[in-house]
Amino acid sequence: MQILDGKSCASAYKDRISAEVSAAILTGKRKPHLAAVLVGSDGASETYVASKVKTCKEIGFESTLIRFPETVTQEELIEMVDRLNADSSLDGILVQLPLPKHIDADQVTLRIDPTKDVDGFHPGSLGRMMLGLPGFVPATPKGIMMLLAHNKIDTTGMHAVVIGRSNIVGTPMSVLLSRNQNPGNCTVTLCHSKTPDLKSFTLQADIVIAALGKPEFLKADMVKTGAIVIDVGITRVEDLTSPKGYKILGDADFEPLAEKCSWITPVPGGVGAMTIAALMQNTLEAWKRNTHA
Ligand code: GUN
């Protein structure tokens, strides 16, 4: 078994981005600038956004964090998105999900200017991805493709089983893996909560993408020997022995699976690190379009 190390791969991408930005700044260009909107104080969202802001600083990007209380109205949030859209000093805008139940997240996402949609959640971005046109690809599936490419994993002809059909991970992942490109060229099965006998599908998989958000759901007896396991799960589970009071678990039962797999991503240090690297790559691309006319 080999570890698919997201942390070191993300570092390599971030170093490359940082070098590109430093060189451009020497020629008088402004820094790339990402705005993040965070509503409420959900622990996991706080951690993700803090990590995005920290990474911006590390690689020479400007960042602006806009916080709203849980009670913010949809109108107030949309007004803020409009303000950010109109701000020409900004290259990328993200609104951290999930949003409180009284807010229609689709309406907020739809409002983001597609040229600043570095999360790739706007229908325009998803449509372009479907058609194979250049555009912003959602950060988690994009990061997984970057991780496979970096490790020179040739997925051509593989059977990929994706578990989970979310708009931000499972569905775009299934599209990217089926594309005529490498990584890609897979035969893809998209499984979800209504799939009967899920194990009969995962046992056929050369590559399993576990993106259902259920800690340690994927067990060793559900995959064949030599399979590749990509674990997208990041769930906080109470752990009174840890100083934080919780630990982070992925969707895969790591230790027993690791003995059976050819490659496996750890949690933490796997897909999560790549999601941030991919977001930074999207922001870099937006900035280049804005400043390298
Ligand atoms: N919530 C979980 N993942 C993501 C992400 O990639 N972007 C945003 N905006 N929210 C998320």
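In this report, we go over the structure that sits alongside the text. (Residues numbered from 1 in each chain as written. Predicted model: local features only at pLDDT ≥ 70, side-chain atom pairs only at ≥ 80, totals over all residues. Heavy atoms only, no water.)

### Section: the packing of aromatic side chains
Phase 1: Here the structure, examined in full by the defined rule, presents 0 aromatic pairs.
Phase 2: The aromatic ring of Tyr13 is capped on one face by Arg16, whose charged end is 4.9 Å from the ring centroid. (Phe/Tyr/Trp six-rings, centres within 6.5 Å; stacked < 30°, edge-to-face > 60°. Lys NZ or Arg CZ within 6 Å of the ring centre and 35° of its normal.)

### Focus: the side chain of Lys52
Phase 1: Note that Lys52 resides in helix 2 (residues 43-59).
Phase 2: Although buried, Lys52 forms no salt bridge, and the nearest oppositely charged side chain, Asp119, lies 4.9 Å from it.
Phase 3: Once you skip the residues sitting within four places of it in the chain, Lys52 turns out to touch Leu94, Gln96, Ile276, Leu279 and Met280. (Helix = DSSP H or I, 4+ residues; strand = E, 2+ residues; numbered from the N terminus. Buried < 20%, exposed > 50% of the residue type's maximum accessible area, 1.4 Å probe, protein only. Lys, Arg positive; Asp, Glu negative; His and termini not counted. Salt bridge = Lys/Arg side-chain N within 4 Å of Asp/Glu carboxyl O. Contact = heavy atoms within 4.5 Å.)

### Remarks on the site of the ligand
Phase 1: In the region of the ligand, the neighbouring residues are Lys52, Val95, Gln96, Leu97, Asp119, Phe121 and Ile168.
Phase 2: Here a nitrogen atom of the ligand sits 2.9 Å away from a polar atom, N or O, in the main chain of Val95.
Phase 3: Separating a nitrogen atom of the ligand from a side-chain N or O atom of Asp119 is a distance of 2.6 Å.
Phase 4: Across the complex, the protein chains shield 84% of the 280 Å² of accessible surface that the ligand would expose by itself. (Near = heavy atom within 4 Å. Polar contact = N/O pair within 3.5 Å; in protein donor to acceptor, adjacent residues only side chain to side chain. Areas by Shrake-Rupley, 256 points an atom, 1.4 Å probe, with all protein chains shown as cover.)

### A short note on the environment of Leu38
Phase 1: Assignment of secondary structure puts Leu38 in strand 2 (residues 33-39).
Phase 2: The exposure class assigned to Leu38 is buried, which follows from its relative accessible area of 2%.
Phase 3: Counting along the chain gives 96 residues from Leu38 to Pro134, while the straight-line C-alpha distance between them is 28 Å.
Phase 4: Sequence-distant contacts of Leu38, that is, excluding residues within four places in its chain, are made with Ser45, Glu46, Val49, Leu65, Ile66, Arg67, Phe68 and Gln96.

### Structural notes on the pairing of strand 5 (residues 159-163)
Phase 1: The element strand 5 is extensively covered by neighbouring structure, given that 5 of its 5 residues are classed as buried.
Phase 2: Of the pairings in the sheet, the one linking strand 5 to strand 6 (residues 187-191) comprises 5 bridges and is parallel in character. Its bridge partner lying in strand 6, His159 is registered against Thr187.
Phase 3: Note that the unit made of strand 5, helix 7 (residues 170-178) and strand 6 has a crossover that is right-handed.
Phase 4: By the bridge criterion, 4 bridges tie strand 5 to strand 7 (residues 207-210) in an arrangement that is parallel. (Pairing = 2+ DSSP bridges. Right-handed = clockwise from strand over helix to strand, strands pointing away.)

### Focus: empty space enclosed by the protein
Phase 1: Enumeration over the complete set of coordinates arrives at 2 cavities of 30 Å³ or more.
Phase 2: When its volume is computed, the largest cavity comes out at roughly 50 Å³.
Phase 3: When residues of the lining of the largest cavity are assigned to their parent elements, the largest contribution, 3 residues, is made by strand 4 (residues 92-95).
Phase 4: Classifying every residue of the lining of the largest cavity gives 6 nonpolar, 1 polar and 2 charged.
Phase 5: Approximately 40 Å³ is the volume attributed to the second largest cavity.
Phase 6: Surrounding the second largest cavity, Leu34, Ala36, Val49, Lys52, Val53, Cys56, Ser63, Thr64, Leu65 and Leu94 form its lining.
Phase 7: Mapped onto the lining of the second largest cavity, the elements with two or more residues apiece are strand 2, helix 2 and strand 3 (62-68).
Phase 8: The greatest single-element share of the lining of the second largest cavity, amounting to 4 residues, is contributed by helix 2. (1 Å grid on protein atoms, 1.4 Å probe; cavity = no way out; pocket = protein on both sides within 12 Å on 5 of 7 lines; lining within 4 Å. Points joined across faces, edges and corners; volume = space filled by probe spheres on them. Nonpolar A, V, L, I, M, F, W, Y, C, P; charged D, E, K, R; others polar.)

Take it as geometry only, folks, not as evidence of what the structure does.
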